[in-house]
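Reading the structure
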Amino acid sequence: MELIMGHADTAGAGRRQSPVTLLIVGGGIMGLWAAVKAGRAGIDTLLIDGSGVASGASGGILGALMPHMPDRWSAKKQFQFDALLSLEEEIAALEAETGLDAGYRRCGRLIPLPKPHLVDIALGHQRDADIHWRQGSRSFAWNVITAPLEAGWPVVETGQPLVHDTFAARVSPRGLTAALRRSAERLANVSIMEGTDVVGFDTAGSAALLSDGERIAYGHCIVAAGHRSFDLLASLGPDLPRPLGQAVKGQAALLRAAINPDLPLVFLDGLYIVPHGDGTVAIGSTSENSFDQPFDTDSQLEDLTARARALVPSLHDADVIARWAGLRPKAIERDPMVGPHPEHGNVLALTGGFKVSFGLAHRLAEAVLAPLTGASISLPPGFDMAHHLASASRQR
Ligand SMILES: Cc1cc2nc3c(=O)[nH]c(=O)nc-3n(C[C@H](O)[C@H](O)[C@H](O)COP(=O)(O)OP(=O)(O)OC[C@H]3O[C@@H](n4cnc5c(N)ncnc54)[C@H](O)[C@@H]3O)c2cc1C
């Protein structure tokens, strides 16, 4: 077990006698933002991660920050828009504080429109974005254009339209999680403990039981254990519908490529091509509901890479320098699962970010901390853990 302490009185945290004010289970993007936000709010916090901080899905390589479509506007889309916009300032402040580069850039996105009817739909979205993608003096567009901004990025037939979304962004998952970790370590009231799993809770829901036989009592506990959150949360209520969620495997690759790092990311039929600022281009992702080898890559990734090379010929000879697979947390109702456990209100879910965690985690963390900070942050109704459970119960 490795314990990194922000202050001296947390020594021997695994054996602590007095409860920690806030225990966070899981140091992925969700748990890290929660730790940083809690620490900044002056809350005595212990983050515990069995396999090590950012060793789960958040230790990946893709880093696309893609908004929902601007049509059929809803509370959920507004929440995501606000979160994606505020992330820009959050990351700038984090980089200034830590001196680390999170690889963030609002690079935009290009989406080829290979069929004529898609152009009409896109023109409708252009009008929707004009209405909804704005805040104060900032506004963003879903423009229909007739040629890529740079020839061959991506390759399309002459005159074939594309969407240019000016709101999408990219970030380095490993850069951002490293900066968050550094920030958490700088906070005197935040400690990080690695190498020991939380295996369950006591019946009162007031202490976590650890894989080394120890227990940690807490005032509040945030469960941000990625796809493993669902079983942990379910273990606190024998009558809850199960499963509360599932793991969805994804594979991605990283290529070394001398391309302009300011280019927009390219998206087509589930394929993402994300230019990063360090001379690499990430390609993703598969989406696999069933799999035998959760962390192996296979021919599905080779197919995806071949599609990317065909769409962007400048990647044709680029070397693959990393192949990676991880497990996304998908809650029963697909949206994030956040907030108090229905039977133990001091246990708070912070999971289910599925494919969009990196854009939302900072705002979800603020919302889940509201019972401790007194902040008032409203979440879209579908994100609430109770909503997920009610909906799952109806389906039983
Ligand atoms: C191929 C791929 C590409 C993706 N691309 C994007 C993208 O472009 N943009 C985006 O926003 N999202 C993307 N995602 C999704 C994103 O990576 C996840 O939604 C996100 O990382 C989940 O973060 P998390 O903190 O909830 O979980 P995780 O990152 O999985 O973190 C959970 C942590 O909890 C720890 N843990 C688990 N159980 C326990 C326990 N019992 N006790 C103690 N510790 C425990 C783990 O060790 C882990 O570190 C992608 C995912 C994949 C697989």
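Below is a short write-up of the structure.

Moving on, we get to the overall build of the protein. When helices and strands are counted, the protein shows 9 helices and 21 strands. Relative to the globule expectation of 21 Å for 396 residues, the C-alpha radius of gyration of the protein, 21 Å, shows essentially globular dimensions. In the protein, which comprises 396 residues, the share counted as buried stands at 54%. Nonlocal contacts in the protein, meaning residues at least 24 apart in sequence, comprise 72% of its contacts between residues at least 6 apart. By element, 50% of the accessible surface of the protein is carried by carbon and sulfur atoms, the whole surface being about 16400 Å². On the protein, the mean spot of the 34 positive side-chain charges and the mean spot of the 42 negative ones are 3 Å from each other.

What follows concerns the site of the ligand. Asp49, Ser58, Val198, Phe354 and Ser357 are the nearest of the 38 residues found near the ligand. Gly50 is positioned with one of its backbone polar atoms (N or O) 3.0 Å from a nitrogen atom of the ligand. Here an oxygen atom of the ligand and a backbone polar atom of Phe358 are 3.0 Å apart. Alone, the ligand offers 990 Å² of accessible surface; in the complex the protein occludes 96% of this. Elements that contribute at least two residues to the shell around the ligand include exactly α1 (29–40), β3 (45–49), β15 (245–256), β19 (319–331) and α7 (357–368). Tallying contributions element by element places β19 first for the shell around the ligand, with 4 residues.

Bringing the packing of aromatic side chains into the picture now. Enumeration over the complete set of coordinates arrives at 9 aromatic pairs. Aromatic pair Trp133 and Trp142: ring centres 5.9 Å apart, planes at 75 degrees, arrangement edge-to-face. Trp142 shares its class with Trp133; the two are buried. By the ring-pair criterion, three or more aromatic residues cluster together here, those being Trp73, Phe81, Trp133, Phe140, Trp142 and Phe167.

Moving on, we get to unusual backbone geometry. A cis amide bond, omega -5 degrees, links Arg242 with the succeeding residue Pro243. Mapped onto the secondary structure, Pro243 falls in the loop between α5 (229–234) and β15. Each neighbour pair has its own omega, and for Gly284 with Ser285 the value is -15 degrees, a cis peptide bond. Of note, Ser285 is situated in the loop between β18 (280–284) and α6 (299–311). Non-glycine residue Arg72 carries a positive phi angle of around 40 degrees. Note on placement: Arg72 falls in the loop between β4 (64–65) and α2 (75–98). Classification of Arg72 as exposed rests on a relative accessible area of 74%. One non-glycine residue with positive phi stands out, namely Phe354, at about 50 degrees. Here Phe354 shows up in the loop between β21 (347–351) and α7. By relative accessible area, Phe354 is classed as buried at 9%.

Moving on, we get to the environment of Ser137. Following the sequence through the fold, Ser137 ends up in the loop between β6 (134–135) and β7 (138–139). Here the alpha-carbon distance between Ser137 and Ser183, two residues 46 residues apart in the chain, equals 30 Å.

Side-chain alternation along strand β9 (residues 162–165) places Leu162 and His164 on one buried face and Val163 and Asp165 on a second face that is also buried. Alignment of strand β5 (residues 109–112) against β9, held across 4 bridges, turns out to be antiparallel. By the bridge assignment for β9, Pro112 is matched with Leu162. Both strand β8 (residues 142–145) and β9 contribute to a ladder of 4 bridges, which runs antiparallel. Within β9, the position partnered with Asn143 by the bridge is His164.

Moving on, we get to the sheet that holds β15. On the basis of which strands lie adjacent, the open sheet formed by 8 strands has the order β8-β9-β5-β16-β17-β18-β15-β19 and mixed pairing. Each of the sheet's edge strands pairs with one partner strand only, and the pair in question is β8 and β19. Here the average twist between neighbouring strands, direction ignored, is 20 degrees. Helix α3 (residues 116–132) rests against β8 and β9 of the sheet, and its axis sits at about 145 degrees to β8.

What counts and what doesn't
- Residues numbered from 1 in each chain as written.
- Predicted model: local features only at pLDDT ≥ 70, side-chain atom pairs only at ≥ 80, totals over all residues.
- Heavy atoms only, no water.
- Helix = DSSP H or I, 4+ residues; strand = E, 2+ residues; numbered from the N terminus.
- Rg over C-alpha atoms; globule rule 2.2 N^0.38 Å.
- Buried < 20%, exposed > 50% of the residue type's maximum accessible area, 1.4 Å probe, protein only.
- Contact = heavy atoms within 4.5 Å.
- Areas by Shrake-Rupley, 256 points an atom, 1.4 Å probe, with all protein chains shown as cover.
- Lys, Arg positive; Asp, Glu negative; His and termini not counted.
- Charge placed at Lys NZ, Arg CZ, Asp CG, Glu CD.
- Near = heavy atom within 4 Å.
- Polar contact = N/O pair within 3.5 Å; in protein donor to acceptor, adjacent residues only side chain to side chain.
- Phe/Tyr/Trp six-rings, centres within 6.5 Å; stacked < 30°, edge-to-face > 60°.
- Pairing = 2+ DSSP bridges.
- Axes fitted to C-alpha atoms, helices over the stretch in contact; angles between N-to-C directions.

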